[in-house]
Amino acid sequence: MIEVRCLHDLAQAEPWREAINALNLASPRPDPFSTFEFYRNHLRNAELFAKGRFQLWLLLAFDGAELVGYLALKRSTHRVLGLRAARLDMLTEVADRPHLVARNGQEAAVSAALYAYLLSRKKEWSLLEFQQQDERSPLQPPPALAASVAYRVTRWPTLANATIPLDWDSLAGYFGALSSKARSNVSRQMRTLLATGEAQL
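Reading the values: rules and limits
- Residues numbered from 1 in each chain as written.
- Predicted model: local features only at pLDDT ≥ 70, side-chain atom pairs only at ≥ 80, totals over all residues.
- Heavy atoms only, no water.
- Phe/Tyr/Trp six-rings, centres within 6.5 Å; stacked < 30°, edge-to-face > 60°.
- Lys NZ or Arg CZ within 6 Å of the ring centre and 35° of its normal.
- Helix = DSSP H or I, 4+ residues; strand = E, 2+ residues; numbered from the N terminus.
- Expected span 1.5 Å × (residues − 1).
- Polar contact = N/O pair within 3.5 Å; in protein donor to acceptor, adjacent residues only side chain to side chain.
- Contact = heavy atoms within 4.5 Å.
- pLDDT = per-residue confidence, 0-100.
- Salt bridge = Lys/Arg side-chain N within 4 Å of Asp/Glu carboxyl O.
- Buried < 20%, exposed > 50% of the residue type's maximum accessible area, 1.4 Å probe, protein only.
- Patch = residues over 30% accessible without salt bridge, like charges linked within 9 Å, V, L, I, M, F, W, Y side chains within 5 Å.
- Areas by Shrake-Rupley, 256 points an atom, 1.4 Å probe, with all protein chains shown as cover.
- Arc of directions from axis to C-beta.
- Pairing = 2+ DSSP bridges.

(A) Molecular detail of the packing of aromatic side chains. A full pass over the atoms with the stated rule returns five aromatic pairs. Between Arg 121 and the ring centre of Trp 57, over which it is positioned, the NZ or CZ distance is 4.2 Å. Its end group placed over the ring of Trp 125, Lys 122 keeps NZ or CZ at 4.8 Å from the ring centre.

Below you can see the structure in the form of structure tokens.
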């Protein structure tokens, strides 16, 4: 049985930092925007610019002690027709498709557990919005419970997405795929960078 925990402070997720990043890399759709470090940087900037206008809802899904999935959401409050309404949506929208990260083969089970958890806390939100989900998203369609008379489910078309196929799987492959002029420019810039002293990433 999958257990879902909700963290409102990213520091609480520090013990699972390596597991979060490893799960992202092992998932069917790994990306740099679903890492612990990206979330931390995003939240640091949010503290500067959003001024506490939202609350982190980092949902971690466990099978026993093993992290098998996670979904980074935020809860914000808005005025709708003069009334205060709370919305849950994706923490960040910079990825090509902000998404549920889950172990390969467990996406459906993790999605069901996350929906059950969110619906059990329905009193804390008015609108649940998963932006830019495509046909491969394990978050759709919503479970039957979400489509019951207690909820209204609406779908909107997603934005167009341009996918670039990659013919390389390593840094050397990437470098080799560049044009000769681009390779020359990168080599020159690297020589200039390394000549300044010790370089760190």
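Right, picking up where we left off after that structure.
(B) Representation of unusual backbone geometry within the structure. Of the consecutive residues Gln 140 and Pro 141, the connecting peptide bond is found in the cis state with omega at 0°. Examined against the element boundaries, Pro 141 turns out to sit in the loop between strand S6 (127–129) and helix H4 (171–177). Backbone geometry places Gln 132, a non-glycine residue, at a positive phi of 55°.

(C) Inspection of helix H5 (residues 180–195) at higher detail. For H5, with 16 residues, the first-to-last C-alpha span of 22 Å sits near the 22 Å given by 1.5 Å per residue. Immediately beyond the C-terminal end of H5, within one or two residues, lies Gly 197, with a positive phi of roughly 130°.

(D) Expanded view of the side chain of Arg 97. With respect to the secondary-structure elements, Arg 97 resides in the loop between strand S4 (83–90) and strand S5 (101–102). There is a polar contact of 2.8 Å between the side chain of Arg 97 and the side chain of Gln 132. Other than its neighbours up to four places away in sequence, Arg 97 contacts Arg 29, Gln 132, Asp 134, Thr 158, Leu 159 and Asn 161.

(E) Spatial organisation of the confidence of the model for the chain. Per-residue confidence for the chain gives a mean pLDDT of 87; residues scoring 70 or more make up 93%. Averaged over each element, pLDDT in the chain is lowest for helix H2 (residues 36–49) (84) and highest for strand S1 (residues 2–7) (96).

(F) View of the pattern of salt bridges. For the structure on display, the rule yields 11 salt bridges. Among the salt bridges present, the one from Arg 87 reaches Glu 129, with a minimum N-O distance of 3.9 Å. A residue pair is termed long-range when its members are at least 10 positions apart, and Arg 87 in strand S4 and Glu 129 in strand S6 qualify at 42 residues. With relative accessibility at 24%, the residue Glu 129 sits in the partly exposed group. A single salt-bridge network, built from bridges that share partners, covers Arg 29, Arg 97, Asp 134 and Arg 136.

(G) View of a nonpolar patch on the surface. On the surface, a nonpolar cluster with roughly 980 Å² of combined accessible area is contributed by Ile 164, Leu 166, Trp 168, Leu 171, Tyr 174, Phe 175, Val 186, Met 190, Leu 193 and Leu 194. When residues of the nonpolar patch are traced back to their parent elements, those giving at least two are H4 and H5. Considering the arrangement of structural elements, one finds Leu 171 in helix H4.

(H) Quick peek at helix H1 (residues 17–26). Within the sequence span of H1, burial applies to Ile 20, Asn 21, Leu 23 and Asn 24. Looking straight down H1, one finds its buried side chains confined to an arc of 160°; they lie on one side. In this structure, H1 carries Glu 18 and Leu 25 as exposed residues pointing more than 90 degrees from its buried face.

(I) Structural context of the pairing of strand S2 (residues 54–63). Burial analysis of S2 places seven of its 10 residues in the buried class, the great majority of the element. Across six bridges, S1 lies against S2 in antiparallel orientation. Across the sheet, the residue bridging to Ile 2 is Asp 63, located in S2. The sheet contact formed by S2 and strand S3 (residues 66–80) spans 10 bridges and is antiparallel. Within S3, the position partnered with Leu 56 by the bridge is Lys 74. Here S2 hands over to S3 after two residues, with Gly 64 in that stretch at a positive phi of 70°.

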